[in-house]
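# Summary of the model geometry
Chain by chain, the residues:
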Amino acid sequence: MLGFLKGNPKKKLQKAYEEKLTKALHAQRNGDLRSHGTLMEEAEKIYAEIKALEENQ
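These figures come from a predicted structure and were not determined experimentally.

## Looking at the environment of Y17
Within the secondary structure, Y17 is located in helix α1 (residues 9-29). The class for Y17 is buried, based on a relative accessible area of 18%. The sequence separation of Y17 and L39 amounts to 22 residues, and the corresponding C-alpha distance is 9.8 Å.

## Re the nonpolar core
In this structure, L13, Y17, A43, I46 and I50 together form the largest nonpolar core, which totals 5 residues. Secondary structure elements with two or more residues in this core: α1 and α2 (33-56). When residues in this core are grouped by element, the largest group, 3 residues, is from α2. Setting aside anything within four residues of it in sequence, one finds Y17 in contact with A43, I46, Y47 and I50.

## Observations concerning α1
Its 21 residues give α1 an end-to-end C-alpha distance of 30 Å, which sits within 8% of 30 Å, the value for a rise of 1.5 Å per residue. Along α1, the positions that sit buried rather than exposed are L13, Y17, A24 and A27. Along the axis of α1, the buried positions cluster into a sector of 90 degrees, meaning they face one direction only. Facing away from the buried side of α1, by more than 90 degrees, are the exposed residues K11, K12, K15 and R29. Among the structural elements, α2 are those in contact with the buried residues of α1. Put simply, N8 is the residue that caps the front of α1, since its side-chain oxygen is 3.1 Å from the backbone nitrogen of K10. Positive backbone phi, at 85 degrees, marks G31, one or two positions downstream of α1.

The rules behind the values
- Residues numbered from 1 in each chain as written.
- Predicted model: local features only at pLDDT ≥ 70, side-chain atom pairs only at ≥ 80, totals over all residues.
- Heavy atoms only, no water.
- Helix = DSSP H or I, 4+ residues; strand = E, 2+ residues; numbered from the N terminus.
- Buried < 20%, exposed > 50% of the residue type's maximum accessible area, 1.4 Å probe, protein only.
- Core = buried A, V, L, I, M, F, W, Y, C linked by side-chain atoms within 4.5 Å.
- Contact = heavy atoms within 4.5 Å.
- Expected span 1.5 Å × (residues − 1).
- Arc of directions from axis to C-beta.
- Polar contact = N/O pair within 3.5 Å; in protein donor to acceptor, adjacent residues only side chain to side chain.

Honestly, that's just the spatial picture; any functional story needs more than this.
What follows is the structure, given as structure tokens:
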């Protein structure tokens, strides 16, 4: 009934994905390749969740 009050999970995941990519970029620029790798792996997991949501719709 009040579906318009629910947040859009895709938007939330997209924002988290973009934040991870930004953090990974800064880590890479600072020479912290270990953190860069970890952040990119987390970003890839979020991207997979976004793709799964798109397939279900």
